[in-house]
Amino acid sequence: MAEQVIWSLTKRKSKTENIVPNPTLVEVHEWVQPSHCHHLQHDNNMLQHGQLLRWMDITACLSAERHAKHPCVTVSVDDISFDRTVSVGHVVILRAVVNRAFTSSLEVGLSVESEDPLTGKREHVCKAYSVFVAKPKDGSKVKLPPVALNSEEENREYLLAAERRRMRTTYAKDMQRVVKSLHLDDDEAASV
């Protein structure tokens, strides 16, 4: 049976009529099939995390490209902690939205839920933040437009995105300093 994918790239109606849906919102539904699961493990009816990460990256990239209007590449993904596994037959619901655009990079927030289609019960699976860089096809430099904020939650994520960016930059500089202080050669430093 072919993989069932439902792409919700159209603007959804908001529960609150005064709030305009974020145009970068992308929602993807993936039906978990046996081919998406571990075949060598004891419990082989659970979704492989690698497959879920693939779906997450695709969904987040669609959101980034919708805002940037250019192809985007993944630069980083923040720590991900999987709160639960997803069984065969369940539907994975991935939602991505651009939290903030910087000069040529942007942060995309991503949430993942699992739904049992027989009961309709949904459970949180994980949350992540991905950073993308816009790469125009002609190789030119790009200046991304700011994100339009339509709700308090979007404003909160916008402000937090700047702090997360500062923390990512600080972490990268701290790791470079640590590697340098340990006098590691290039091969050893690359593995840190």
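The rules behind the values
Residues numbered from 1 in each chain as written. Predicted model: local features only at pLDDT ≥ 70, side-chain atom pairs only at ≥ 80, totals over all residues. Heavy atoms only, no water. Helix = DSSP H or I, 4+ residues; strand = E, 2+ residues; numbered from the N terminus. Buried < 20%, exposed > 50% of the residue type's maximum accessible area, 1.4 Å probe, protein only. Areas by Shrake-Rupley, 256 points an atom, 1.4 Å probe, with all protein chains shown as cover. Contact = heavy atoms within 4.5 Å. 1 Å grid on protein atoms, 1.4 Å probe; cavity = no way out; pocket = protein on both sides within 12 Å on 5 of 7 lines; lining within 4 Å. Points joined across faces, edges and corners; volume = space filled by probe spheres on them. Nonpolar A, V, L, I, M, F, W, Y, C, P; charged D, E, K, R; others polar. pLDDT = per-residue confidence, 0-100.

(A) Main features of the overall build of the chain. Within the chain, the secondary structure is distributed over 3 helices and 6 strands. In sequence order, the secondary structure elements of the chain are arranged as β-β-α-β-β-β-β-α-α. In the chain, which comprises 192 residues, the share counted as buried stands at 35%. Counting every atom, the chain has about 12,100 Å² of accessible surface; 54% of that belongs to carbon and sulfur.

(B) Summary view of the side chain of H67. Here H67 is to be found in helix α1 (residues 49–68). Apart from the residues lying within four places of it in its own chain, the contact partners of H67 are T24, V98, A101, L106, P145, P146 and V147.

(C) Focus on unusual backbone geometry. At K69, a position not held by glycine, the phi torsion is positive, near 60°. A relative accessible area of 66% means that K69 is categorised as exposed.

(D) Examining empty space enclosed by the protein more closely. Counted under the stated rule, the structure contains 1 cavity of 30 Å³ or more. In this model, the largest cavity occupies a volume close to 30 Å³. What lines the largest cavity is L47, Q48, H49, L52, R84, T85 and V86. Here the lining of the largest cavity is built from residues that sort into 3 nonpolar, 3 polar and 1 charged.

(E) Examining the confidence of the model for the chain more closely. Scored by pLDDT, the chain has a mean of 86; 83% of the residues are at 70 or more. Counting interchain partners and residues more than four positions distant, the pLDDT-below-50 stretch residues 1–14 has 34 contacts.

(F) Examining the layout of surface pockets more closely. By volume, the second largest pocket is sized at about 200 Å³. Residue lining of the second largest pocket: V77, D78, D79, R164, M167, R168, Y171 and A172, and that is the complete set. Among the elements that line the lining of the second largest pocket, the one with the most residues is helix α2 (residues 152–181), at 5 residues.

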